[in-house]
Amino acid sequence: MSDELEYSRDASVTDEHAVRILEEKIRTMQMEAESLRKELNYYKSEMEKLLSPPLIEAIVLDILEDGRVVVKSTSGPNLVVNVSGTVDFSSIKVGRYVALNQRGSAVVEVLRDRDDPLVRSMEVVERPNVRYQDIGGLDQQIQEVREVVELPLKKPELFKELGITPPKGILLYGPPGTGKTMLAKAVATESNASFIHVVASEFAQKFVGEGARVVRDVFELARKKAPSIVFIDEIDAIGAKRVDLGTSGEREVQRTLMQLLAEIDGFQPLDNVKIIAATNRIDILDPALLRPGRFDRLIEIPLPNIEGRKQILRIYLQKMKVDNSVNVDELAMMTEGFSGADLRNLCTEAGYIAIRNDSNVISMTHFKSAIERLRSKKLSKEVVDRGEKYV
Ligand SMILES: Nc1ncnc2c1ncn2[C@@H]1O[C@H](COP(=O)(O)OP(=O)(O)OP(=O)(O)O)[C@@H](O)[C@H]1O
């Protein structure tokens, strides 16, 4: 091969390499340009936001037939305004917060519904459908709740006549999954009362700065829906013993608790609103909650004993297709330490095992496998709860 040929091959390899490098550079720069373009758009839109005039917040009071609405601006008079064509008219409702343009002449935006989070963490059931007979192993507790909640709601005159005051609030305490919520719902059903279910831990978290207002709203609703039962689950989230109130979060929880106490104190024992609270941690509750006239009737809802477990199992088994091998007494003996919720899960699990085994009826063998499975699940959960899990 001549020197000349060798040189020209070398030159063409070098050129190819240079082209590849240049192409790579172009690609990188194109990507940079794209990202700079995005950044530019972001800053442009931020600048627009800063320069745009502020809107006026208002609440809708009425919707007129001609398509205009009456609003009350949060700091001013009532106004009759038009609704901008960009707004979905069907989303405008009385009581909804909207934004008016700067001149205050038209609704230009419908704002997030303020009540949304409240509604989400508060369930209102006009008539729950849990009955006393759906609850197993709590006969004595049911009896007590009937006397102190159901009877005063149904027959207040009886108490007036005899001159006795029933408790305004009762506290159900005991381990998770033992039927506290069920019991509260059942009293509401049997007393023909509305059931307002609030989870205290949720509103302590969700309503930063608004806990006290939410408590007020809950009780206002309870009065409107009376006869009613306000069920406050996990009350320890707002009713734990006072800590040193160093942080604003602690002060907030404290304000929520004070409002709750004020609401309870505002009721008369024979008003047709009753408060049932529930906790797994009675040991940490603020004694202020347990003073006479507040939650002064404490009812323990323990894990079911063997008789209780039999009763609960019977409730669930009667709805299931089981064969003759299934022995309730034996199952109750094998499930020491199980809560009502665990027993319900056991029945469901046994059903799944039967399905997996192509069986159209549930047998004792299915139950035994389900117990094994649930026991090991419970065990690993306990380990995790105690923080003993190795990672
Ligand atoms: N005593 C019981 N009888 C029948 N079913 C029960 C019983 N206890 C619990 N269950 C079943 O377990 C489910 C959960 O129970 P529930 O919510 O009432 O427990 P809880 O004590 O309120 O628990 P938590 O403290 O976790 O809120 C119920 O919906 C029901 O299916």
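Residues numbered from 1 in each chain as written. Predicted model: local features only at pLDDT ≥ 70, side-chain atom pairs only at ≥ 80, totals over all residues. Heavy atoms only, no water.

An unreviewed UniProt entry annotates the protein as Proteasome-activating nucleotidase of Metallosphaera prunae. Word for word, the UniProt comment on the protein under Subunit (unreviewed entry) is "Homohexamer. The hexameric complex has a two-ring architecture resembling a top hat that caps the 20S proteasome core at one or both ends. Upon ATP-binding, the C-terminus of PAN interacts with the alpha-rings of the proteasome core by binding to the intersubunit pockets." UniProt's Subcellular location (unreviewed entry) comment on the protein is quoted here verbatim: "Cytoplasm". (UniProt positions renumbered as here; feature names shortened; annotations may be inferred.)

## Topic: the UniProt feature "binding site: ATP" (unreviewed entry) in the protein
Mapped onto this structure's residue numbering, the UniProt feature "binding site: ATP" (unreviewed entry) falls at G177, T178, G179, K180, T181, M182 and Y316. As for its position among the elements, T178 is in the loop between β7 (169–173) and α5 (180–190). What makes T178 buried here is its relative accessible area of 9%. Leaving out residues up to four positions away in the same chain, T178 has contacts with L138, I301, P302, L303, S339 and G340. (Helix = DSSP H or I, 4+ residues; strand = E, 2+ residues; numbered from the N terminus. Buried < 20%, exposed > 50% of the residue type's maximum accessible area, 1.4 Å probe, protein only. Contact = heavy atoms within 4.5 Å.)

## Focus: the packing of helix α10 (residues 306–317) against helix α12 (residues 340–356)
At a closest axis distance of 10 Å, the pairing of α10 and α12 adopts a crossing angle of 40 degrees. As far as their axial angle goes, α12 and α10 are oblique. In the packing of α10 onto α12, the handedness of the crossing is right-handed. Residues R309, I312, L313 and Y316 of α10 form the contact with α12, whose own contacting residues are G340, L343, R344, L346 and C347. (Axes fitted to C-alpha atoms, helices over the stretch in contact; angles between N-to-C directions. Parallel < 35°, antiparallel > 145°, perpendicular 65-115°, else oblique. Left-handed = near helix turned anticlockwise from the far one by under 90°.)

## Points about the UniProt feature "coiled-coil region" (unreviewed entry) in the protein
Residues given the UniProt feature "coiled-coil region" (unreviewed entry) here are residues 19–46. Summarising residues 19–46: 100% helix, 0% strand, and an end-to-end C-alpha distance of 40 Å.

## Description of the packing of aromatic side chains
Inspection of the entire model under this criterion finds two aromatic pairs. Between F195 and F231 the ring centres are 5.8 Å apart and the planes differ by 25 degrees, which places this aromatic pair in the stacked class. Of this pair, F195 sits in strand β8 (residues 194–199) while F231 sits in strand β9 (residues 228–233), and the two are 36 residues apart along the sequence. A single burial state applies to F195 and to F231, both of which are buried. (Phe/Tyr/Trp six-rings, centres within 6.5 Å; stacked < 30°, edge-to-face > 60°.)

## Digging into the nonpolar core
Core analysis: the largest hydrophobic core is formed by 26 residues, its most contacted members being F219, V230, I232, I235, L260, L289 and F295. Where this core is concerned, the elements lending two or more residues are β8, α7 (211–224), β9, α9 (248–266) and β10 (273–279). Element by element, the count of residues in this core is highest for α7, at six residues. The next biggest cluster of nonpolar side chains, apart from the first, holds 25 residues, and it includes I142, L153, L172 and A188. (Core = buried A, V, L, I, M, F, W, Y, C linked by side-chain atoms within 4.5 Å.)

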